[in-house]
Amino acid sequence: PMPAQPTLKTSRLILRPWLDDDAPIVAKYMADELIWRTTALVPHPYELHHAHDFFAMSRKNWETGVAASFAAVLRETSLLGSQNQIVGSISARITPDHKRADIGYAVYVPWWNKGICTEMLRAVISFCFDALQLNRVEAHHFANNPSSGRVMQKAGMTYEGCFRANVIKAGEVLDTHHYAILRSEYHPDLATAT
């Protein structure tokens, strides 16, 4: 059995497992159409039961070793908002046999363009390599959302290519751009390790 899911800390954030009490705030911010348009798996309209279903799935996925999902919470009162404010979500979907994770994330619209997404992504990449001992971490974004690609670059990921006409979102056929970082790149001293 997996141990309890850990909590991660960055300079401004606490990344912790989801709590049932988080559902109203998650439903409020995930209902924004801008979030839906930039994410692959978020339903629209987003309702309270979607949040509860996601939390239950997140707990099961952690227990079975196939995903780690975190609420991003502000550590302190600041210009970004009040202490304990949930500002986003990030998940690593794990393929244990291949020691690989695919990361997806969303920052709620009021906290866009504040560096939160990069901070979340860096923390979860570290978690994947250091705690989970994975070999590869990957992520992708819709071609019409280049800011997400800049987040991946800032987190040290390398662009690996475009999957053409890979997704249909709101009737629009979209390319997806794919990034990854390898354990040998994150820990250069392990590049020759067996």
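Refer to the structure printed above.
Because the structure is predicted, anything quoted here is derived from the model rather than measured.

1. Quick word on the packing of aromatic side chains
Throughout the structure, instances matching the rule amount to 9 aromatic pairs. An angle of 70° between the planes, with centres 5.9 Å apart, marks the rings of Trp 18 and Phe 54 as edge-to-face. Taken together, the positions of Trp 18 in the loop between β2 (13–16) and α1 (23–30) and Phe 54 in helix α3 (residues 48–63) put the pair 36 residues apart, joining distant regions of the chain. Residue Trp 18 is classed as buried on the basis of its relative accessible area of 6%. With centroids separated by 5.4 Å and ring planes inclined at 70°, the aromatic side chains of Tyr 29 and Trp 111 adopt a geometry described as edge-to-face. Of this pair, Tyr 29 sits in helix α1 while Trp 111 sits in the loop between β5 (100–107) and α4 (116–131); the two residues are 82 residues apart in sequence, bridging distant segments of the chain. Here the aromatic residues Trp 18, Phe 54 and Phe 55 are joined through ring pairs into a cluster of three or more.

2. Here we look at the packing of α4 against helix α5 (residues 146–154)
The angle between the axes and the distance between the axes are what describe a pair of packed helices. Packing of α4 against α5 leaves a shortest axis separation of 9 Å and a crossing angle of 45°. When the axis of α4 is compared with that of α5, the two are oblique. Of the two possible hands of crossing, α4 and α5 adopt the one that is right-handed. Residues Cys 117, Thr 118, Leu 121 and Arg 122 of α4 touch α5, and the partners they reach there are Val 151, Met 152 and Lys 154. Residues of the contact of α4 with α5, tallied by class, amount to 4 nonpolar, 1 polar and 2 charged.

3. Topic: the environment of Val 167
Within the fold, Val 167 resides in strand β7 (residues 158–169). Sequence-wise, Val 167 and Phe 142 are 25 residues apart; in three dimensions their C-alpha atoms are separated by 8.2 Å. Look past the residues within four positions of Val 167 in its chain and what remains in contact with it is Phe 142, Glu 172, Val 173, Leu 174 and Thr 176.

4. Some words on the pairing of strand β4 (residues 86–95)
The buried fraction of β4 is high, at 8 of 10 residues. Sheet topology note: the β4/β5 ladder contains 8 bridges and is antiparallel. Within β5, the position partnered with Ser 89 by the bridge is Ala 106. The turn linking β4 back onto β5 is made up of 4 residues, and Lys 99 within it adopts a positive phi angle of 50°.

5. Concerning the nonpolar core
Core analysis: the biggest nonpolar cluster contains 52 residues, and Leu 15, Met 120 and Leu 121 have the highest contact counts within it. A per-element tally of this core places α4 first, with 10 residues.

6. Quick word on the sheet that holds strand β8 (residues 172–182)
Within the open sheet, the 8 strands sit side by side as β1-β2-β3-β4-β5-β6-β8-β7. Their pairing is mixed. Every interior strand has two partners, whereas the edge strands, β1 (8–9) and β7, have only one. Inspection of the sheet shows strand β3 (residues 67–74) paired to β4 by 7 bridges, in the antiparallel sense. Bridge pairing links Ser 69 to Ser 91 in β4. In the packing of α4 onto the sheet, the strands contacted are β1, β2, β3, β4, β5, β6 (136–142) and β8, and the crossing angle to β5 comes to about 160°.

7. Here's the deal with unusual backbone geometry
Looking along the chain, the bond that leaves His 44 and enters Pro 45 is cis, with omega of 0°. Relative to the helices and strands, Pro 45 resides in the loop between α2 (33–38) and α3. At Ala 165, a position not held by glycine, the phi torsion is positive, near 45°. Mapping Ala 165 onto the fold places it in strand β7. Non-glycine residue Ala 170 carries a positive phi angle of around 55°. Here Ala 170 shows up in the loop between β7 and β8.

Reading guide: rules and limits
- Residues numbered from 1 in each chain as written.
- Predicted model: local features only at pLDDT ≥ 70, side-chain atom pairs only at ≥ 80, totals over all residues.
- Heavy atoms only, no water.
- Phe/Tyr/Trp six-rings, centres within 6.5 Å; stacked < 30°, edge-to-face > 60°.
- Helix = DSSP H or I, 4+ residues; strand = E, 2+ residues; numbered from the N terminus.
- Buried < 20%, exposed > 50% of the residue type's maximum accessible area, 1.4 Å probe, protein only.
- Axes fitted to C-alpha atoms, helices over the stretch in contact; angles between N-to-C directions.
- Parallel < 35°, antiparallel > 145°, perpendicular 65-115°, else oblique.
- Left-handed = near helix turned anticlockwise from the far one by under 90°.
- Contact = heavy atoms within 4.5 Å.
- Nonpolar A, V, L, I, M, F, W, Y, C, P; charged D, E, K, R; others polar.
- Pairing = 2+ DSSP bridges.
- Core = buried A, V, L, I, M, F, W, Y, C linked by side-chain atoms within 4.5 Å.

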